[in-house]
Amino acid sequence: MRIKELLALEGKGQHITVEGWVRTKRDSRDVSFVALNDGSCIDNMQVVLPKSFPLFDDIEPRLSNGASVTVRGRLVKSQGTGQSVEVLPDEITVQGEANPAEYPLQKKRHSFEFLREIAHLRPRTNTFGAVARIRSAMSYAIHSYFNERGFVYVHTPVITGSDCEGAGEMFRVTTFPLDKIPVTKDGVDFSRDFFGKEASLTVSGQLEAEIYALALKNVYTFGPTFRAENSNTSRHLAEFWMVEPEMAFCDISLNMDTAEEFIKYILKYVLTNCRLDMEFFSTMIEKGVVENLEHITESSFERITYTEAVNELKKSGKNFDYPVEWGMDLQSEHEKFITQEIFRKPVIVTDYPRDIKAFYMKQNDDGRTVRAMDVLVPRLGEIIGGSERENDHGRLLSRIREMGLDEKNYWWYLELRKYGSVPHSGFGLGFERLIQFVTGMQNIRDVIPFPRCVGTLDF
RNA sequence: UCCUCUGUAGCUCAGUCGGUAGAGCAGUUGACUGUUAAUCAAUUGGUCGCAGGUUCGAGUCCUGCCGGGGGAGCCA
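Residues numbered from 1 in each chain as written. Chains lettered and ligands numbered in written order. Predicted model: local features only at pLDDT ≥ 70, side-chain atom pairs only at ≥ 80, totals over all residues. Heavy atoms only, no water.

**Student:** It is not clear to me how the protein's contact with RNA strand B should be interpreted in this structure. Could you clarify?
**Tutor:** Close to RNA strand B lie 49 residues; E86, R116, T233, H236 and R433 are nearest. A distance of 2.8 Å separates a base oxygen of RNA strand B from a polar atom in the side chain of Q79. Note that a sugar or linking oxygen of RNA strand B is positioned 3.1 Å from one of the side-chain N or O atoms of Y322. Listing elements by their share of the surface near RNA strand B, those giving two or more residues are β1 (12–27), β3 (45–50), α3 (112–117), β13 (239–248), α10 (332–342), β17 (381–388) and β18 (424–430). Of the residues that constitute the surface near RNA strand B, the class distribution is 11 nonpolar, 23 polar and 15 charged. (Near = heavy atom within 4 Å. Polar contact = N/O pair within 3.5 Å; in protein donor to acceptor, adjacent residues only side chain to side chain. Helix = DSSP H or I, 4+ residues; strand = E, 2+ residues; numbered from the N terminus. Nonpolar A, V, L, I, M, F, W, Y, C, P; charged D, E, K, R; others polar.)

As structure tokens, then:
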């Protein structure tokens, strides 16, 4: 049985087995208190080891921080106040020792920067154990949200031959020997590479998801995504996970409803199913995050157009580092001001100028905006980017040409607009950013087990 | 990539005007106590990120490089 289940039991002297790693040990005159954690929950199981225990002097020193232990004994009501039950051991097996002079994890609080350098040990801390459990629970909630609504989970490829979105630098995939790349007078001869053409890691599964949405109506992807941008912030990774629903017979308005309902569903799931871990975040990491999330699940997201947002920002009279002008993209400071100062809750901004958005977004009749939507949340800014897609063949083609893209690369994407085209919409949600939002963790590198960033590829 | 701060004991940090290295925690030893980041005492522990330079003398000043944090851009 795991510690989480054992802690929920009544201590009646029943025989049990506990397996876990030593978190702390406190010595007393007659007994030693050993706190074991097995990752099933944030709480530890206290093992009370009396000095009269056989071979006490041999076993006790080996029960240092980090040691792995199997304890057979009886579960009894605790005499102390910090826990309801504790274990009186009959038999203790130290599976693996952890030399206390060398073991890097101490009882005291460590900086997240230091823990990043020991990513092989950091899941043994309260914070990273909780993050791992929350991340897992949120993944499960994502699948259950879509599954309950009849969405089909589509696996879009990780290796792609098209840089369709054109947005962002891509990681190249090749089997060429780097010291001997085949070259013709026109440049690299990709026809001799593994796929016979240029290949990269995906920056988005959206375009492929559209294919399946136009057959199965409602689909979603959930998988790793890669961006080779040289961005060095607490909100960016080179490898991150993205959730991308795509819905046919769906306009921008229904798209927004879905995004809002989806986020609230995840928040509710975590608040009810990860109560202990969330309370830990709410007291130790981000004060009051539980109350904030509860409030969000109970109120509706604000919805404004880009044009209204620009007017609000101008009206605020605040001096921004970047001036607010219609046609310019909203800067971080603008987004944060809108969601944190003006509305103090999640805000969905729609109908952006078409010149600052991607080619596939549906153009409005005003000729200058597109049906884009960004969901902005306090503390982080953009957490979702989405749109209704351009479903008119002619308008999509002219947009592709206008932006100087090669239409040959989009032949199948265009054909979807020739055969049974229909209004459809979708969005992309940065999974790690949602975890940051839920937990209050400041740095995105601390909500993914093994972060990949510019200049960093440890573990 | 840009701006900015920063790098000193295992960890978190202090180190004044340039004068030869310090605290708390951890580790070790001992005391005390059904303890909760236990407490108290003693004690071990240093290539001051790296490479140059200035100086009688550099943790401290200068230059370059490398790492980390925060902010910005790009975005999710």
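Once you've had a look at it, read on.
**Student:** Honestly, the side chain of T160 in this entry has me stumped. Any pointers?
**Tutor:** Position of T160 among the secondary structure elements: in strand β7 (residues 159–160). T160 gets classed as buried once you look at its relative accessible area, which sits at 8%. Not counting residues within four places of it along the chain, the set of residues in contact with T160 comprises M170, E198, A199, S200, L201, T202 and E208. (Buried < 20%, exposed > 50% of the residue type's maximum accessible area, 1.4 Å probe, protein only. Contact = heavy atoms within 4.5 Å.)

**Student:** I'm lost on the nonpolar core in this one. Help?
**Tutor:** For soluble globular proteins, the rule of thumb is that nonpolar side chains tend to be buried together. One finds F262, M278 and F281 to be the most contacted residues of the largest nonpolar core, which totals 59 residues. With 11 residues, helix α6 (residues 252–273) is the single largest residue contributor to this core. Discounting chain neighbours no more than four positions away, the residues touching M278 are I134, V270, V289, V290, L293 and V438. Within the second largest apolar cluster, 27 residues are counted, among which are V310, F320, M361 and L376. (Core = buried A, V, L, I, M, F, W, Y, C linked by side-chain atoms within 4.5 Å.)

**Student:** Looking at this structure, I do not really get a nonpolar patch on the surface. What am I missing?
**Tutor:** Where nonpolar side chains cluster on the molecular surface, the patch consists of V152, I211, Y212 and L216 and spans about 310 Å² of accessible area. No other element matches the three residues that helix α5 (residues 206–216) contributes to the nonpolar patch. Summarising the element assignment, Y212 is placed in helix α5. (Patch = residues over 30% accessible without salt bridge, like charges linked within 9 Å, V, L, I, M, F, W, Y side chains within 5 Å. Areas by Shrake-Rupley, 256 points an atom, 1.4 Å probe, with all protein chains shown as cover. Salt bridge = Lys/Arg side-chain N within 4 Å of Asp/Glu carboxyl O.)

**Student:** Is there a simple way to think about the pattern of salt bridges in this case?
**Tutor:** Any two side chains of opposite charge can pair, so long as their charged atoms come close to each other. Summed over the entire model, instances satisfying the criterion amount to 34 salt bridges. Note that D58 and R62 form a salt bridge whose closest N and O atoms lie 3.9 Å from each other. With a closest N to O distance of 2.8 Å, R116 and D446 form a salt bridge. Here R116 is found in helix α3, whereas its partner D446 is found in the segment after α13 (431–439), with 330 residues between them in sequence. Its relative accessible area of 1% is what places D446 among the buried residues. Through salt bridges that share partners, E210, E246, R389 and R417 make up one connected network.

**Student:** Would you mind showing me how to read the packing of aromatic side chains here?
**Tutor:** Any two aromatic rings considered together are summarised by their centre-to-centre distance and by the angle between their planes. For the coordinates displayed, the defined rule picks out 22 aromatic pairs. Here the aromatic rings of Y145 and Y265 are separated by 5.1 Å at their centres, their planes lie at 65 degrees, and the arrangement is edge-to-face. Taken together, the residues span a long stretch of sequence, with Y145 in helix α4 (residues 126–148) and Y265 in helix α6 at a distance of 120 residues. Ring centres of F146 and F151 lie 4.9 Å apart, and the angle between their planes is 50 degrees; this geometry places the pair in the tilted category. Here the aromatic cluster, defined as three or more aromatic residues joined through ring pairs, consists of Y145, F146, F151, Y153, Y220, F262, Y265 and F427. When the ring centre of Y352 is taken as reference, the NZ or CZ atom of K357 above it lies at 4.2 Å. The side chain of R368 reaches across the aromatic face of W326, ending 4.0 Å from its centre. (Phe/Tyr/Trp six-rings, centres within 6.5 Å; stacked < 30°, edge-to-face > 60°. Lys NZ or Arg CZ within 6 Å of the ring centre and 35° of its normal.)

**Student:** How do you make sense of the pairing of strand β2 (residues 31–37) when you look at a structure like this?
**Tutor:** When a strand is regular, its side chains alternate between the sheet's two faces. With six of seven residues buried, β2 lies mostly within the body of the structure. With six bridges connecting them, β1 and β2 associate as antiparallel partners. Paired with T24 across the strands is A35, a residue of β2. Count of turn residues in the β1/β2 antiparallel hairpin: three residues. (Pairing = 2+ DSSP bridges.)

**Student:** Explanation requested: the sheet that holds strand β8 (residues 172–173) in the structure shown.
**Tutor:** Within a beta sheet, neighbouring strands are joined by backbone hydrogen bonds and run either parallel or antiparallel to one another. An order of β7-β11-β8 is seen for the three strands of this open sheet, with the pairing classed as antiparallel. Pairing within the sheet leaves two strands with one partner each, and these edge strands are β7 and β8. Bridge count between β7 and strand β11 (residues 199–201): two bridges; the pairing is antiparallel. From the neighbouring strand, I159 faces β11, where its bridge partner is L201.

**Student:** Any chance you could explain the sheet that holds β17 here in plain terms?
**Tutor:** If you trace the eight strands from one edge of the open sheet to the other, you get β6-β12-β13-β18-β17-β16-β15-β14, paired in mixed fashion. Of all strands in the sheet, those bounded by a partner on one side alone are β6 (152–153) and β14 (302–305). Pairing between strand β15 (residues 347–353) and strand β16 (residues 369–377): six bridges, direction antiparallel. Counted as the bridge partner of V349 is D374 from β16. In the packing of α6 onto the sheet, the strands contacted are β13, β14, β15, β16, β17 and β18, and the crossing angle to β18 comes to about 30 degrees. Seen against the sheet, α13 touches β12 (218–226), β13, β16, β17 and β18 and runs at an angle of roughly 60 degrees to β18. (Axes fitted to C-alpha atoms, helices over the stretch in contact; angles between N-to-C directions.)

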